Amino acid sequence: VWSDEFNYSGLPDRTKWGYDTGHSGWGNNELQYYTAKRIENASVANGLLTIKAIKENYQGADYTSARLVTKGKASWRYGRIEVRAKLPYGRGIWPAIWMLSADKTYGEWPRIGEIDIMEHVGYNPDSVFATIHTGAYNHTIGTQKGQAFACKDLSAAFHVYALEWTEKKISIFIDSNKYFEFDNEGKGAAVWPFDKKFFLLLNIAVGGDWGGKMGIDNSIFPQEMQIDYVRVYSRS
């Protein structure tokens, strides 16, 4: 029902992608400045979207990167989302493929819900993480629901990171491996705010409470997350 195959060159397709911008720390004490429409940080060529984190002085920050969002352009409720990606590496890097609610009926984060299809922290090079956050289950109170998956070639090979989402459960995969599942407990929006439309985010953070937990190795920069495609399916 929606896709970007990245079969073009230049900046990401503006009809599909917007940008979160700035150097606010993003609630996690992150160190990057997220830029907009800057080819150095987000570009498409040779069938790939590349998001690049760079060590440079920019608008008061020591690093730049990009956070692409479909907010205001496309959002979905239920279905399957696939992102085929190759991850950056190194201590201090924190890439993510994730979703936030496009609807504020339930208030602000975490009550609106968050679905982390893929998170990776560079100091833990052989693991990816799937997590959900809600009013009842979130990391600020240590109740988040999630699972890790061990994989040895995250930065050397492409993998398909996928979400299957119905009114009854959320399931998250790497390739054909389902490694996280969260059921609708039927206890209302505090537990299950996932009955609204959500939009997609793709980004590389630098440092932060989790990504920078073991410091930052400045010798690794620049770092790239390459994305082969993004595909969204509805249920038949």
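Rules used in this analysis
Residues numbered from 1 in each chain as written. Predicted model: local features only at pLDDT ≥ 70, side-chain atom pairs only at ≥ 80, totals over all residues. Heavy atoms only, no water. Helix = DSSP H or I, 4+ residues; strand = E, 2+ residues; numbered from the N terminus. Buried < 20%, exposed > 50% of the residue type's maximum accessible area, 1.4 Å probe, protein only. Polar contact = N/O pair within 3.5 Å; in protein donor to acceptor, adjacent residues only side chain to side chain. Contact = heavy atoms within 4.5 Å. Salt bridge = Lys/Arg side-chain N within 4 Å of Asp/Glu carboxyl O. Core = buried A, V, L, I, M, F, W, Y, C linked by side-chain atoms within 4.5 Å. Phe/Tyr/Trp six-rings, centres within 6.5 Å; stacked < 30°, edge-to-face > 60°. Lys NZ or Arg CZ within 6 Å of the ring centre and 35° of its normal. Pairing = 2+ DSSP bridges. Axes fitted to C-alpha atoms, helices over the stretch in contact; angles between N-to-C directions.

### Focus on the side chain of Q223
- Inspection of the secondary structure assignment puts Q223 in strand β17 (residues 223-233).
- For Q223, a relative accessible area of 3% corresponds to the buried category.
- Within the structure, Q223 has its side chain in polar contact with the backbone oxygen of I220 (distance 2.8 Å).
- Ignoring anything within four residues of it in the chain, the contact list for Q223 reads I51, K52, A53, P88, Y89, I93 and I204.

### Let's talk about the pattern of salt bridges
- Applying the stated criterion across every chain, the model contains 15 salt bridges.
- With its nearest N and O atoms 2.7 Å apart, the salt bridge here joins R80 to E82.
- Residue K152 pairs with D126 through a salt bridge whose shortest N-O separation is 3.5 Å. Of the two residues, K152 is situated in the loop between β12 (145-150) and β13 (159-165) and D126 in the loop between β10 (114-119) and β11 (127-133); the sequence distance between them amounts to 26 residues.
- Put simply, K169, K178, E181 and D183 are held in one network by salt bridges that share partners.

### Some points on the nonpolar core
- If you look at the biggest cluster of nonpolar residues, it comprises 53 residues, and the most contacted ones within it are M99, I117, Y161, I170, L202 and I227.
- Here this core gets five residues from one element, more than from any other, and that element is strand β16 (residues 198-206).
- Leave out the neighbours within four places in its chain, and Y161 touches I81, E82, V83, A85, L87, I97, I117, M118, V128, L154, F173 and I174.
- Counting residues in hydrophobic clusters, the runner-up holds six residues, among them V69, A96, F199 and L201.

### With respect to the side chain of E82
- Looking at where E82 falls in the secondary structure, it is placed in strand β8 (residues 79-86).
- Not counting residues within four places of it along the chain, the set of residues in contact with E82 comprises V160, Y161, A162, Y229, V230, R231 and Y233.

### So, the packing of aromatic side chains
- Per the counting criterion, the structure on display carries 16 aromatic pairs.
- Judged by centre distance (5.5 Å) and plane angle (55 degrees), the ring pair of W26 and Y34 falls under tilted.
- Three or more aromatic residues joined by ring pairs form one cluster here, namely Y78, Y137, W165, F182, W192, F194 and F198.
- Against the face of W2 rests K16, its NZ or CZ located 5.8 Å from the ring centre.
- Above the plane of the ring of Y229 lies R231, whose end atom (NZ or CZ) is 3.6 Å from the centre.

### Topic: the pairing of β13
- Here β13 lies mainly inside the structure; six of its seven residues are buried.
- Pairing of β8 with β13, which is carried by seven bridges, proceeds in the antiparallel orientation. Its bridge partner being in β13, R80 is matched across the sheet by E164.
- Taken together, the five bridges between β13 and strand β14 (residues 169-174) define a ladder with antiparallel strand orientation. The residue of β14 that forms the bridge with Y161 is I174.
- Adjacent in sequence and paired antiparallel, β13 and β14 are bridged by three residues.

### A short note on the environment of M118
- Following the sequence through the fold, M118 ends up in strand β10.
- Exposure remark for M118: the relative accessible area of 0% places this residue in the buried category.
- Sequence separation between M118 and I174 is 56 residues; the distance between their C-alpha atoms is 8.7 Å.
- Here M118 is in contact with L87, P95, A96, I97, V128, F129, Y161 and M225, once residues within four sequence places are set aside.

### Section: the sheet that holds β16
- Spatially, the seven strands line up as an open sheet ordered β2-β7-β16-β9-β10-β11-β12, and their pairing is antiparallel. If you trace the sheet from one side to the other, it starts and ends with β2 (18-20) and β12, each paired once. Neighbour-to-neighbour, the strand axes of this sheet turn through a mean angle of 20 degrees, independent of strand direction.
- When strand β7 (residues 67-69) meets β16, the two strands line up antiparallel, connected through three bridges. In the strand pairing of β16, V69 is matched with L201.

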